[in-house]
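The residues making up each chain are set out below.
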Amino acid sequence: MQKQRIMEIWVGVFVAAGFAALFGLAMQVSNIPAFQTADGYQVHMRFDNIGGLRVRAPVTMAGVRVGRVSDIRLDHDSFEAVVTVTIEQRFDRIPEDSDARIYTSGLLGEQYVAINPGGGVEWYLSDGDELFQTQGALVLERLIGRFLTSMGED
Amino acid sequence: MMGLFAGLGRRTIDSFGRLGRGTMFLLRALAGMPGLLLRPGLVMQQLYAIGVLSLLIIMVSGTFVGMVLALQGYNTLVTFGAEQSLGVLVALSLLRELGPVVTALLFGGRAGSALTAEIGLMKTTEQLSSMEMMAVDPMRRIIAPRLLAGFLAMPLLAAIFSFLGIMGAHVVSTAALGVDDGAFWSQMQAAVDFREDVMNGVIKSLVFGFVASWIAVYEGYDAVPTSEGVSRATTRTVVHTSLAVLGLDFVLTAVMFG
């Protein structure tokens with residue numbers, strides 16, 4: 001009976017340790033803490049070129065992450081990229097005349113959407129709104145091309 | 001020449017026969033599973049034998065694999081000045097690949113071989129036949145609890161392996177290599193996705209646990225009832241488990257991350 005009890009305790013410890021490890025992986029290692037973005041509102045924006053932007057890329061204001069890119073589609077009529085971002089509910093006072101740009105973090109880092117606040121209006125972004133002032137990603141080849149043409153004009 | 005073809009044919013037929021018998025065996029064992037709800041003690045005993053007794057080797061190897069990964073990864077990353085990403089490298093390799101695969105290989109060597117030897121010896125000493133004589137179904141009494149326990153224990157062992165590996169890597173990289181503690185965790189958290197990486201690792205380890213315990217109990221049950229037969233069955237368990245795990249890992253990786 002005593003032996004049975006010790007065995008039970010060990011199995012209990014094993015199962016608890018296993019689930020604790022899984023829980024630890026979820027909380028400490030993965031992005032679960034940032035998962036509460038589900039209760040956010042969605043804002044659409046159109047870009048002429050999104051470069052290497054991916055779904056789940058961060059959306060920042062002044063460098064602080066306020067949301068994530070949740071969807072990227074191509075508009076079949078205008079051939080623009082329609083990027084849908086989910087912004088966390090607590091950032092609900094972003095002016096409607098803000099503009100969005102795609103930047104690159106670091107020299108070769110991942111691309112993200114930066115929202116620069118406008119300030120002229122009292123209207124704030126809400127679910128389903130669209131940001132009209134956007135600037136797409138800087139593509140290196142295009143930049144070099146522009147540089148070369150400006151060189152040629154001299 | 002004809003002998004060569006005959007040998008090839010015999011081997012092919014043999015292996016198909018084994019596959020068929022293995023599948024029938026699995027179905028019969030699965031049919032015995034519902035009865036386990038009435039006797040959870042049987043599963044618990046096997047969880048002890050399979051899970052708890054494998055705990056030490058899993059914990060030690062997990063920690064060391066993580067520490068080695070950190071050391072090796074650091075040497076490569078530091079040339080690009082990207083040693084801050086060490087946490088990402090370690091976490092992704094452990095969660096996606098090394099955790100499930102190495103755990104399954106160790107599981108096959110530690111628990112699988114023991115299962116095969118145990119069941120094979122039961123067969124050799126005719127314990128299985130005498131159970132049938134007493135109208136006790138060995139499928140339900142012996143095989144089903146071991147299969148279920150292996151299936152349950154594997155993901156837990158793999159999670160412990162990965163977790164301790166990351167902890168070991170953390171100790172090595174912050175204490176010995178001088179990687180910043182905050183950057184280690186924050187870069188890791190930014191790069192590791194719960195569903196994509198952690199859950200896919202768990203799914204992998206569930207599949208491996210199922211296959212490894214299936215092979216182990218089947219080889220034992222199918223062993224030639226002699227001491228030589230049991231020894232060969234044990235060897236086959238380890239070899240087949242390793243091959244099956246590595247092969248399935250390729251397929252699963254291609255499906256999940258391809």
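Just so we're clear, the structure is a prediction, and the values are computed from it rather than from any experiment.

Draft legend 1. Quick look at empty space enclosed by the protein. A complete count under the given rule lists two cavities of 30 Å³ or more for this structure. Roughly 80 Å³ of volume is contained in the largest cavity. Taken together, 13 residues make up the lining of the largest cavity; nearest its centre are B:A159, B:S162, B:V198, B:G201 and B:V202. Within the residue set of the lining of the largest cavity, elements represented by two or more residues are α1 (2–29) of chain A together with α4 (86–124), α6 (138–176) and α8 (194–222) of chain B. In terms of residue count, α8(B) provides more of the lining of the largest cavity than any other element does, five residues in total. Among the residues making up the lining of the largest cavity, the classes are represented as nine nonpolar, three polar and one charged. Taken together, A:L138, A:V139, A:R142, A:L143 and A:R146 make up the full set of residues lining the second largest cavity.

Draft legend 2. Examining the domain arrangement of chain A more closely. As far as domains go, chain A holds domain 1 (1–30) and domain 2 (38–139). Placing a centre on the C-alpha atoms of domain 1 of chain A and another on those of domain 2 of chain A gives a separation of 43 Å.

Draft legend 3. Structural context of the pattern of salt bridges. All names here are of chain B. Counted according to the given criterion, the structure contains 17 salt bridges over all chains. Across the salt bridge formed by E219 and R18, the nearest N and O atoms sit 2.8 Å from each other. Of this pair, E219 sits in helix α8 while R18 sits in helix α1 (residues 2–31); the two residues are 201 residues apart in sequence, bridging distant segments of the chain. Salt-bridge contacts for E118 lead to R146; the nearest nitrogen and oxygen are separated by 2.9 Å. Residue E118 is located in helix α4, and its partner R146 is located in helix α6; the two are separated by 28 residues in the primary sequence.

Draft legend 4. The packing of α1(A) against helix α2 (residues 40–50) of chain B, seen in detail. Orientation of α1(A) relative to α2(B), taken along the N-to-C sense of each, is 70 degrees, at an axis distance of 9 Å. One element, α1(A), and the other, α2(B), form an angle in the roughly perpendicular class. When you trace α1(A) past α2(B), the crossing you get is left-handed. Residues A:Q4, A:M7, A:E8, A:W10, A:V11 and A:F14 of α1(A) pack against B:M44, B:Q45, B:L47 and B:Y48 of α2(B). Looking at the contact of α1(A) with α2(B), its residues break down into seven nonpolar, two polar and one charged.

Draft legend 5. Structural detail: α1(A). Taking 1.5 Å of rise per residue, 28 residues should cover 40 Å, and α1(A) covers 39 Å from first to last C-alpha, within 8% of that figure. Residues of α1(A) that are buried: A:M7, A:V11, A:F14, A:G18, A:A21, A:G24, A:L25, A:A26 and A:V29. For α1(A), the elements touching its buried residues are α2, α3 (55–77), α4, α6, α7 (181–191) and α8 of chain B.

Draft legend 6. Region of the structure containing the nonpolar core. Membership of the largest hydrophobic core comes to 70 residues, with the highest contact counts inside it found for A:F14, A:V29, B:I143, B:I166, B:M188 and B:V192. In this structure, A:V29 is in contact with A:G24, B:A91, B:L95, B:I166, B:W185, B:M188, B:Q189 and B:V192, ignoring residues within four places of it in sequence. Core analysis: the second largest hydrophobic core is formed by 23 residues, A:V85, A:L125, A:L131 and A:A137 among them.

Draft legend 7. Highlighting the sheet that holds strand β7 (residues 129–131) of chain A. Residues and elements named next belong to chain A. What the eight strands build is an open sheet, ordered β7-β1-β4-β3-β2-β6-β5-β8; its pairing is mixed. Across the chains shown, the open sheet's two edge strands, defined by having one partner strand only, are β7 and β8 (133–135). Here the strands of the sheet are splayed against their neighbours by 30 degrees on average, with no regard to which way each runs. In this structure, strand β1 (residues 40–47) lies alongside β7, joined through three bridges in parallel fashion. If you follow H44 over to β7, its bridge partner there is E130.

Draft legend 8. Focus on the layout of surface pockets. Residues and elements named next belong to chain B. In this model, the second largest pocket occupies a volume close to 370 Å³. If you go around the second largest pocket, the residues you meet are R11, D14, S15, R18, L19, G22, W214, I215, Y218, E219 and H240. If you list the elements that add at least two residues to the lining of the second largest pocket, you get α1 and α8. No other element matches α1, which puts six residues into the lining of the second largest pocket. Of the residues assigned to the lining of the second largest pocket, the class counts are four nonpolar, three polar and four charged.

Draft legend 9. Structural view of the side chain of B:S61. Residue and element names in this part refer to chain B. On the secondary structure map, S61 appears in helix α3. A relative accessible area of 17% places S61 in the buried class. At 2.2 Å, the side chain of S61 and the backbone oxygen of I57 are in polar contact. Ignoring sequence-local partners within four residues, the contact set of S61 consists of L106 and F161.

Cut-offs and rules
- Residues numbered from 1 in each chain as written.
- Chains lettered and ligands numbered in written order.
- Predicted model: local features only at pLDDT ≥ 70, side-chain atom pairs only at ≥ 80, totals over all residues.
- Heavy atoms only, no water.
- 1 Å grid on protein atoms, 1.4 Å probe; cavity = no way out; pocket = protein on both sides within 12 Å on 5 of 7 lines; lining within 4 Å.
- Points joined across faces, edges and corners; volume = space filled by probe spheres on them.
- Helix = DSSP H or I, 4+ residues; strand = E, 2+ residues; numbered from the N terminus.
- Nonpolar A, V, L, I, M, F, W, Y, C, P; charged D, E, K, R; others polar.
- Domains from an automatic or database assignment.
- Salt bridge = Lys/Arg side-chain N within 4 Å of Asp/Glu carboxyl O.
- Axes fitted to C-alpha atoms, helices over the stretch in contact; angles between N-to-C directions.
- Parallel < 35°, antiparallel > 145°, perpendicular 65-115°, else oblique.
- Left-handed = near helix turned anticlockwise from the far one by under 90°.
- Contact = heavy atoms within 4.5 Å.
- Expected span 1.5 Å × (residues − 1).
- Buried < 20%, exposed > 50% of the residue type's maximum accessible area, 1.4 Å probe, protein only.
- Core = buried A, V, L, I, M, F, W, Y, C linked by side-chain atoms within 4.5 Å.
- Pairing = 2+ DSSP bridges.
- Polar contact = N/O pair within 3.5 Å; in protein donor to acceptor, adjacent residues only side chain to side chain.

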